[in-house]
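What follows is the residue order along each chain.
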Amino acid sequence: MTQRPAKPPARSRRLAPFAPLALAGLLTTALWAALCGPALAHGDVVPQPVDTAGLEKLGETWRDSNPYRGNPRAVEIGASAFNQNCARCHGLGAVSGGIAPDLRYLEKGDAGDEWFKERVTNGSIRNGVTYMPQFGDALGQEALWSIRSWLETVHEE
């Protein structure tokens, strides 16, 4: 007489010992997302301070054009400041990945300065959504004009 092999246990019974581990993993992931998610979100970041030592102080009133254009120290500061404060949206080397404008194509000279100043001081809000926060008060014009000086060194037509 031939015996039939025993049926393998149902799949759910074989995985049952791992259910508590899977549940713990899901709960840990959910907790991490709830606590860290806002800190990692696009617009919920804290501007990083910029050391502008070695640059002429510009005072409270914003200049209409970049007073540091061509200043090697400003370009050096601007490169670092861009990476710390702008690259997360505008891309490393100002090469945008699509989230924000590619700033290599920002017009050079005073015409580009006008747009830059307006955007960094006022930010960009559309339909109640912040696309770019205001950085003027947070970083100051010395840091922001330094970033503009660096941007002109990576300009493309």
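Heads up: these notes are all about the structure in this document.

Conventions and cut-offs
- Residues numbered from 1 in each chain as written.
- Predicted model: local features only at pLDDT ≥ 70, side-chain atom pairs only at ≥ 80, totals over all residues.
- Heavy atoms only, no water.
- Helix = DSSP H or I, 4+ residues; strand = E, 2+ residues; numbered from the N terminus.
- Buried < 20%, exposed > 50% of the residue type's maximum accessible area, 1.4 Å probe, protein only.
- Contact = heavy atoms within 4.5 Å.
- Expected span 1.5 Å × (residues − 1).
- Bend = angle between axes of the 7 residues up to and from the residue.
- Phe/Tyr/Trp six-rings, centres within 6.5 Å; stacked < 30°, edge-to-face > 60°.
- Lys NZ or Arg CZ within 6 Å of the ring centre and 35° of its normal.
- Salt bridge = Lys/Arg side-chain N within 4 Å of Asp/Glu carboxyl O.
- Polar contact = N/O pair within 3.5 Å; in protein donor to acceptor, adjacent residues only side chain to side chain.
- Arc of directions from axis to C-beta.

**Comments concerning the overall build of the chain**
Okay, so step 1: What the chain contains, in helices and strands, is six helices and two strands.
Okay, so step 2: Counted from the first residue to the last, the chain has its helices and strands arranged as α-α-α-α-α-β-β-α.
Okay, so step 3: Counting across all 157 residues of the chain, residues that qualify as buried make up 32%.
Okay, so step 4: Put simply, of all contacts in the chain between residues at least 6 apart along the chain, 68% involve residues at least 24 apart.

**A closer look at helix α6 (residues 136-153)**
Okay, so step 1: Helix length check: α6, at 18 residues, gives a terminal C-alpha distance of 22 Å against a target of 26 Å (1.5 Å per residue), a shortfall beyond 12%.
Okay, so step 2: At E142, α6 is bent by approximately 65°, the largest bend along its length.

**Topic: the packing of aromatic side chains**
Okay, so step 1: Under the criterion given, the structure shown has three aromatic pairs.
Okay, so step 2: An angle of 55° between the planes, with centres 5.8 Å apart, marks the rings of W62 and W145 as tilted. Highlighted residues: W62 in the loop between α2 (19-40) and α3 (72-85) and W145 in helix α6, separated in sequence by 83 residues.
Okay, so step 3: The class of W145 is buried, set by a relative accessible area of 0%.
Okay, so step 4: Positioned above the aromatic ring of Y131, the side-chain terminus of R126 is 3.9 Å from the ring centre.

**Looking at the pattern of salt bridges**
Okay, so step 1: Evaluation of the coordinates by the stated rule reveals eleven salt bridges.
Okay, so step 2: Across the pair D110 and R69 runs a salt bridge whose closest N-O atoms are separated by 3.6 Å. Residue D110 is located in helix α5 (residues 109-122), and its partner R69 is located in the loop between α2 and α3; the two are separated by 41 residues in the primary sequence.
Okay, so step 3: Linking R119 and E118 is a salt bridge whose minimum nitrogen-to-oxygen distance equals 3.9 Å.
Okay, so step 4: Residue classification places R119 among the partly exposed positions, given a relative accessible area of 22%.
Okay, so step 5: Judged by its relative accessible area of 36%, E118 falls in the partly exposed class.

**Some details on the environment of Y105**
Okay, so step 1: Assignment of secondary structure puts Y105 in the loop between α4 (87-90) and α5.
Okay, so step 2: Taking the C-alpha atoms as reference points, Y105 and L151, 46 residues apart in sequence, are found 9.2 Å from one another.
Okay, so step 3: Once residues within four sequence positions are removed from consideration, Y105 is found in contact with H155, E156 and E157.
Okay, so step 4: At 3.3 Å, the side chain of Y105 forms a polar contact with the side chain of E156.

**A word on α3**
Okay, so step 1: For α3, with 14 residues, the first-to-last C-alpha span of 20 Å sits near the 20 Å given by 1.5 Å per residue.
Okay, so step 2: Here α3 has its buried residues at A74, V75, I77, G78, A81, F82 and N85. Buried residues of α3, viewed axially, fall in a sector of 165°; they line one side. Exposed and facing more than 90 degrees away from the buried side of α3 are P72 and E76.
Okay, so step 3: For α3, the elements touching its buried residues are α4 and α6.
Okay, so step 4: Capping the start of α3 is the job of one residue whose side-chain oxygen sits 2.9 Å from the backbone nitrogen of R73: N71.

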